[in-house]
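Read off the chains here:
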Amino acid sequence: MPAASPLPAAEIGTALAGLPGWSAEDDRLTRLYRLPSHLAAAAFVLHIASVQEEMDHHGDLTLGYNTVEVATHTHSAGGRITALDVTLARRIEGLSAAHGVRG
């Protein structure tokens, strides 16, 4: 697999326009999800981890009582945001409704 290239700021902005709740902070795509319970949040983390394994692209996941915080960047691109991160964010968004994400 060829090395991922960092995305220009304009492309990141365009991607974020289609990813409500996501932002670019410190060269990472980030989002905080609120879920109905701790078990729902834990199940969401497990589902995200499964997608990350499938993609061989692993972001940071922080599990709170009823929250999950996601932060992703690409190590092989110098810790910058790449198309892999955007794809991961879109995949996570696709899972969120099934886990009862609020807002």
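Refer to the structure presented above.
Quick caveat, the model's predicted, so the values are computed rather than measured. (Residues numbered from 1 in each chain as written. Predicted model: local features only at pLDDT ≥ 70, side-chain atom pairs only at ≥ 80, totals over all residues. Heavy atoms only, no water.)

### Examining the overall build of the chain
And step 1. Each helix and strand counted, the chain has three helices and four strands in total.
And step 2. N-terminal to C-terminal, the α/β element order of the chain is α-β-β-α-β-β-α.
And step 3. For 103 residues, the compact-globule estimate of 2.2 N^0.38 gives 13 Å, and the C-alpha radius of gyration of the chain, at 13 Å, lies within 12% of that figure.
And step 4. Expressed as lengths along the three principal axes of its C-alpha atoms, the size of the chain is roughly 40 × 25 × 20 Å.
And step 5. The 103 residues of the chain split such that 41% are buried.
And step 6. Considering only contacts within the chain whose residues lie at least 6 apart along the sequence, 68% involve residues at least 24 apart.
And step 7. Accessible surface, the chain as shown: approximately 5,600 Å² in total, 55% of it carbon and sulfur.
And step 8. Between the centroid of the 7 positive side chains of the chain and the centroid of its 11 negative side chains there is a distance of 7 Å. (Helix = DSSP H or I, 4+ residues; strand = E, 2+ residues; numbered from the N terminus. Rg over C-alpha atoms; globule rule 2.2 N^0.38 Å. Buried < 20%, exposed > 50% of the residue type's maximum accessible area, 1.4 Å probe, protein only. Contact = heavy atoms within 4.5 Å. Areas by Shrake-Rupley, 256 points an atom, 1.4 Å probe, with all protein chains shown as cover. Lys, Arg positive; Asp, Glu negative; His and termini not counted. Charge placed at Lys NZ, Arg CZ, Asp CG, Glu CD.)

### Description of the pairing of strand E4 (residues 67-72)
And step 1. Buried residues dominate E4, accounting for five of its six residues.
And step 2. The sheet contact formed by strand E3 (residues 60-63) and E4 spans four bridges and is antiparallel. In the sheet register, Leu61 faces E4, and the bridge partner there is Val70.
And step 3. Hairpin connection from E3 to E4: three residues lie between these consecutive antiparallel strands. (Pairing = 2+ DSSP bridges.)

### Here's the deal with the sheet that holds E3
And step 1. Read from one edge to the other, the open sheet built from four strands follows the order E1-E2-E4-E3, with strand pairing classed as antiparallel. Either end of the sheet is taken by a strand with one partner, and the two such strands are strand E1 (23-25) and E3. Taking each pair of neighbouring strands and ignoring which way they run, the sheet shows an average axis angle of 25°.
And step 2. As paired strands, E1 and strand E2 (residues 28-34) are joined by three bridges and run antiparallel to one another. Of the residues in E2, the one forming a bridge with Ala24 is Leu29.
And step 3. Sheet strands in contact with helix H3 (residues 83-96) are E2 and E4, and its direction is about 10° off that of E2. (Axes fitted to C-alpha atoms, helices over the stretch in contact; angles between N-to-C directions.)

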